[in-house]
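Read off the chains here:
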Amino acid sequence: MDISALLTSAGINIGVCVVLLSLYSVLRKQPSNVGVYFGRRLVSVCSRPSDPFSFERFVPSPSWIVKAWETTEEEILATGGMDAAVFLRMVVFSIRIFSVAVVICFFLILPVNYHGQEMRHKRIPLESLEVFTIANVKEGSKWLWTHCLALYIITCSACILLYFEYKSIAKMRLKHITGAPPNPSHFTVLVRSIPRCSHETYSETVNKFFTKYHSSSYLSHQMVYRSGRVQKLMTNAEKMYMTFKAAAHEQNCQPSFMPRGLCGGPTKSFEIVSRETDNISGKTGFGDLDLATIRKECAAAVIFFKTRYAAVTTAEVLQSSNPMLWVSVLAPEPHDVYWSNLCIPYRQLWIRKIGTLVASIAFVLVFLIPVTFVQGLTQLDQLQQTFPFLRGLLKKKFMNQVVTGYLPSVILILALYTVPPTMMVFSAVEGSISRSGRKRSACCKVLYFTIWNVFFVNIFTGSVISQLSFFSSVKDIPAQLAKAVPRQASFFMTYVLTSGWASLSCEVMQFLALFCNLVKRFVLRIKDDSSNCTFSFPYHTEVPRVLLFGFLGFTCSILAPLMLPFLLIYFSLAYLVYKNQILNVYVPKYESEGQYWPIAHNTTIFSLVLSQIIALGVFGIKRSPVASGFTIPLIICTLLFHEYCRQRFLPIFKVVPAEVFIEMDQKDEQCGRMEEIYQKLHSAYRQFTETPHELCRSECLNHHDDGKSISDPEKLNPGKEADQLNGSSSCNLDIAETSKK
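Residues numbered from 1 in each chain as written. Predicted model: local features only at pLDDT ≥ 70, side-chain atom pairs only at ≥ 80, totals over all residues. Heavy atoms only, no water.

An unreviewed UniProt entry annotates the protein chain as CSC1-like protein RXW8 isoform X2 of Juglans regia. Checking UniProt for the protein chain, the heading Sequence similarities (unreviewed entry) contains the comment "Belongs to the CSC1 (TC 1.A.17) family." UniProt's Subcellular location (unreviewed entry) comment on the protein chain is quoted here verbatim: "Membrane". (UniProt positions renumbered as here; feature names shortened; annotations may be inferred.)

In structure tokens form, the structure reads like this:
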């Protein structure tokens, strides 16, 4: 590929981005799209949208960019939670490190690569991209020390930034835990694989066990019931049947519209049913035992303890001499519990993990088909030999540039859209007990999948599989990667343009939600914005995308420096787009309190080590023993730094320190808040209940007619919206005014 083909791809993607971002700035102003582009604000403070006509609504404006830029991290924490703040930290880290890499590589590496061979250069647009890669440096060149120096500067800068980010985020996590209101999950332990006893129920077994072995700290428990969709329908039907049965057996009180003396006054049939429902609900409730629910108990229970320290100690201690019984872990947050997976027998989990591993490998093998096809498009000579009828079409310059520079990355991106939903299914089948845990597991799977298919498989199918010597020895892998990566640098550049820039434009446009909104309004004729579905931030798709681009940037920084400006533009645009989406679109339904950062740290270290191994292979091929000798200590130091961070910071993200929990317990005891916390534990872990967002939405519908508008709601402090969500009963935000800005 030459520079003109790269510029063609860049021009197409820049045009797509400009058109979509301009269209977004117009569509977000339309009152009919409030539910699409301001879903989070609709949930936090509800309103009656108005529809004032103004010419300003149809003119693109950059006000959303200014608003996103001015938003502070404290506002992001209050609006999107700690996971959102950590995700933006990943983007900011990438901006910082690749700003350093752009300066170093453009002023130190790029001139050396361009003048690496004694040749007559063409005009810049006609030059091949390989001229700007390390492949253009001749063997034995004395200038290879510049590549080694650049590698040292980038690695040291990345490690310094990683250390301070890890330290800062660890402090932020502890501050978030200690500064937030009392979290019921800190007092709660989830116990699975409860042994079955023939003469007593699971509930009686749990109560007997914890009363005997944890009598000083045990408070109470709540059983877990089967919660599949079919099971919920059956439970609701049985409860309704019990209600009507109880009403039918009420002696001397027949339903009637006439007064009945024995009934104590006039009554109606629906009043009897309502009264009987209240009586039954008051006696049993969802969590209590009756004849219908005893048979639906799972071998799992939620155990409440008197202190946080007692809960975390119990969660970490082996409860039985048989490790497969009484398995205890600290419970997730109430809204984060994945209830349907709690009923999975604990003995099945290892089988499920093996099954999902096999299924993931099979999915990777199937995905080789589109990847191989994509690489065929990047190699024009092979494409013409395979499809002779395309020779005439491919001789045209523009078609040649589109097919080799734009079409391959588009096809691969479309195929990759099937990966996140598939990995979410695999993660659910694995048996994760929390929704955030399922999403993190899917995030790791998507990350491994994309790194393997976008980087390694593209390299192997493009230039290595045809060379059977690759399989002759493992020690040849660095050398083969050193030859292959510069050759595939052009594809990685176009992939960054297409998958990076264009994907951000699609993210801000919210095409699926926009289409559903159009169908709802103009086909189904539904005008109610409050019925729109809201979504949580898709970390399982966006975190792997950001980390993949960072991976490509590190591995290609000294090999193909031309990629770095495109990456820097992507991360800068991503910072604004993701901020806007967190502020306006996505609703934080649950969070993991920053546990995505260890994934980002490990991926960055892997990227650095792989880039050093590839550089070692390049220096070996180019016959530069000095550069090779200095690269080996860099690899060792990077691994030692990773081990230090793993020992220093990672335990904080796995378990909350005992001293923190003890200080929180002592503070609550001194303030007399313990009894209030105990009263909220049972209601917090009700298995069958509405989410807070549904409750807020129903409350907003009740007060919908009393809403008043605010002139400029985009200037509201996001931190105050959480207070309105918790305590305010007046839902009075005029989103139409919001969309104007």
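Enquirer: Can you explain the environment of Arg28? Please cite residues and give values.
Expert: Within the fold, Arg28 resides in the loop between helix 1 (3-27) and helix 2 (34-37). Between the C-alpha atom of Arg28 and that of Arg57, which follows or precedes it by 29 residues, the distance is 8.7 Å. (Helix = DSSP H or I, 4+ residues; strand = E, 2+ residues; numbered from the N terminus.)

Enquirer: Tell me what's going on with the nonpolar core, and back it up with residues and numbers.
Expert: Across soluble globular proteins, nonpolar side chains have a tendency to be buried as a group. Ranked by internal contacts, the top residues of the largest apolar core, which has 148 residues, are Phe87, Phe98, Phe455, Tyr495, Leu552, Tyr570 and Tyr578. The element that contributes the greatest number of residues to this core is helix 5 (residues 73-114), accounting for 22 residues. Every residue in contact with Tyr578, bar those within four places of it in the chain, is listed here: Phe87, Leu88, Val91, Leu504, Glu507, Phe537, Glu542, Arg545, Val546 and Tyr570. (Core = buried A, V, L, I, M, F, W, Y, C linked by side-chain atoms within 4.5 Å. Buried < 20%, exposed > 50% of the residue type's maximum accessible area, 1.4 Å probe, protein only. Contact = heavy atoms within 4.5 Å.)

Enquirer: Explain the packing of aromatic side chains residue by residue, including any values.
Expert: Summed over all chains, the structure comprises 40 aromatic pairs. Considering the side-chain rings of Phe209 and Trp326, the 4.0 Å spacing of their centres and the 10° angle between planes classify their relative orientation as stacked. Placement of Phe209 in helix 7 (residues 202-213) and of Trp326 in the loop between helix 11 (308-316) and strand 4 (327-330) is noted, with a sequence separation of 117 residues between them. Across this residue pair, the class does not change: Phe209 and Trp326 are buried. Here a set of aromatic residues connected by ring pairs shows up, and it is made of Phe93, Tyr163, Phe164, Tyr166, Trp597, Tyr644, Phe649 and Phe653. Against the face of Tyr338 rests Arg438, its NZ or CZ located 4.7 Å from the ring centre. (Phe/Tyr/Trp six-rings, centres within 6.5 Å; stacked < 30°, edge-to-face > 60°. Lys NZ or Arg CZ within 6 Å of the ring centre and 35° of its normal.)

Enquirer: Before we move on, could you go through empty space enclosed by the protein and cite the residues and values that matter?
Expert: Across all of its chains, the model carries seven cavities of 30 Å³ or more by this definition. Roughly 150 Å³ of internal volume is contained in the largest cavity. In terms of lining residues, the largest cavity is bounded by 16 residues, among which Gly80, Phe537, Tyr539, Pro588 and Tyr590 are the most central. For the lining of the largest cavity, the secondary-structure elements that each account for two or more residues are helix 5 and helix 19 (435-464). Class assignment for the residues of the lining of the largest cavity results in nine nonpolar, four polar and three charged. Space inside the second largest cavity adds up to approximately 120 Å³. Every residue lining the second largest cavity is counted, 15 residues in all, and those nearest its centre are Phe93, Ser94, Leu547, Gly550 and Thr604. Those elements giving two or more residues to the lining of the second largest cavity turn out to be helix 5, helix 23 (539-556) and helix 25 (597-621). Classifying every residue of the lining of the second largest cavity by side-chain character gives 10 nonpolar, five polar and no charged. (1 Å grid on protein atoms, 1.4 Å probe; cavity = no way out; pocket = protein on both sides within 12 Å on 5 of 7 lines; lining within 4 Å. Points joined across faces, edges and corners; volume = space filled by probe spheres on them. Nonpolar A, V, L, I, M, F, W, Y, C, P; charged D, E, K, R; others polar.)

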